[in-house]
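Residue-level structural notes
The primary structure of each chain is shown beneath.
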Amino acid sequence: GDALPDRLQGFLCSAAQTTHRAIALIQGLYNLAKFGDGKVAVESVPVRAVVDQLLQEITDFRQVAVEVEVLPIVTAHKHLLADLLYNLLINAMV
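Quick look at the structure, then. None of the values given here were measured: they were computed from a predicted structure.

**Digging into the overall build of the chain**
Secondary structure assignment for the chain yields 3 helices and 2 strands. Secondary structure elements of the chain, listed N to C terminal, follow the sequence α-β-α-β-α. The C-alpha radius of gyration of the chain comes to 16 Å, more than 25% above the 12 Å expected for a compact globule of 94 residues. The C-alpha extent of the chain, read off along each of the three principal axes, is 55 × 30 × 20 Å.

**Concerning helix α2 (residues 47-59)**
Between its first and last C-alpha, α2 extends 18 Å over 13 residues, near the 18 Å set by a 1.5 Å rise per residue. Looking only at α2, the buried set comprises Val 47, Val 50, Val 51, Leu 54, Leu 55 and Ile 58. Looking straight down α2, one finds that the buried residues subtend no more than 130 degrees of arc, so they occupy a single side.

**Details of a nonpolar patch on the surface**
On the surface, Leu 4, Leu 8, Phe 11 and Leu 12 cluster together to form a nonpolar patch covering roughly 360 Å² of accessible area. Structurally, Leu 12 can be placed in helix α1 (residues 6-34).

**Observations concerning helix α3 (residues 78-92)**
Residues spaced three or four apart along an α-helix face the same direction, because each turn holds 3.6 residues. In this model, α3 (15 residues) spans 21 Å end to end at C-alpha, consistent with the 21 Å of a helix rising 1.5 Å per residue. Those residues of α3 not exposed but buried are Leu 81, Ala 82, Asp 83, Leu 85, Tyr 86, Leu 89 and Ile 90.

**Some words on the side chain of Asp 83**
The topology assignment puts Asp 83 in helix α3. Discounting residues that sit within four places of it in the chain, Asp 83 has contacts with Arg 21, Ala 24 and Leu 25.

**Observations regarding the pattern of salt bridges**
According to the stated counting rule, one finds 1 salt bridge in the structure shown. A salt bridge links Arg 48 to Asp 52; the shortest N-O distance between them is 3.0 Å. Remark: Asp 52 and Arg 48 occur in helix α2; sequence separation between them is 4 residues, near one turn of the helix. On the basis of relative accessibility, which here comes to 34%, the residue Arg 48 falls in the partly exposed class.

**A few points about the nonpolar core**
Counting 14 residues, the largest nonpolar core has Val 50, Leu 54, Ile 58, Leu 81 and Leu 85 as the members making the most contacts within it. Listed by contribution, the elements that provide at least two residues to this core are α2 and α3.

**So, the packing of α2 against α3**
Following both chains from N to C, one finds α2 and α3 inclined at 50 degrees, their axes separated by 10 Å at the closest point. In terms of orientation, α2 lies oblique with respect to α3. Seen along the crossing, α2 lies across α3 with a hand that is right-handed. Only Lys 78, Leu 81, Ala 82, Leu 85, Tyr 86, Leu 89 and Ile 90 of α3 make contact with α2, whose side of the interface consists of Val 47, Val 50, Val 51, Leu 54, Leu 55 and Ile 58. For the contact of α2 with α3, a count of residues per class yields 12 nonpolar, no polar and 1 charged.

Quick notes on the rules
- Residues numbered from 1 in each chain as written.
- Predicted model: local features only at pLDDT ≥ 70, side-chain atom pairs only at ≥ 80, totals over all residues.
- Heavy atoms only, no water.
- Helix = DSSP H or I, 4+ residues; strand = E, 2+ residues; numbered from the N terminus.
- Rg over C-alpha atoms; globule rule 2.2 N^0.38 Å.
- Expected span 1.5 Å × (residues − 1).
- Buried < 20%, exposed > 50% of the residue type's maximum accessible area, 1.4 Å probe, protein only.
- Arc of directions from axis to C-beta.
- Patch = residues over 30% accessible without salt bridge, like charges linked within 9 Å, V, L, I, M, F, W, Y side chains within 5 Å.
- Areas by Shrake-Rupley, 256 points an atom, 1.4 Å probe, with all protein chains shown as cover.
- Salt bridge = Lys/Arg side-chain N within 4 Å of Asp/Glu carboxyl O.
- Contact = heavy atoms within 4.5 Å.
- Core = buried A, V, L, I, M, F, W, Y, C linked by side-chain atoms within 4.5 Å.
- Axes fitted to C-alpha atoms, helices over the stretch in contact; angles between N-to-C directions.
- Parallel < 35°, antiparallel > 145°, perpendicular 65-115°, else oblique.
- Left-handed = near helix turned anticlockwise from the far one by under 90°.
- Nonpolar A, V, L, I, M, F, W, Y, C, P; charged D, E, K, R; others polar.

Set out below in structure tokens:
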């Protein structure tokens with residue numbers, strides 16, 4: 001009886017994901033600020049895996065076609081890189 005329509009559920013899920021990303025971004029900025037000497041923990045990050053995961057989250061409720069070519073493995077702070085790529089992907093889909 002009181003179930004939400006699929007489209008509304010999709011929007012709510014997307015809003016929740018965006019909220020979690022915003023919280024993670026704020027936490028990342030806070031952590032970056034703590035490292036006043038510029039030292040941030042970095043690791044080898046396969047960019048393709050990060051992009052694939054982000055696209056799965058982003059495109060769940062959007063009708064878009066995205067082609068991803070070969071991407072490198074980079075040395076980066078994984079969460080900050082994911083936030084950067086997320087923002088780039090979202091802006092590209094607007």
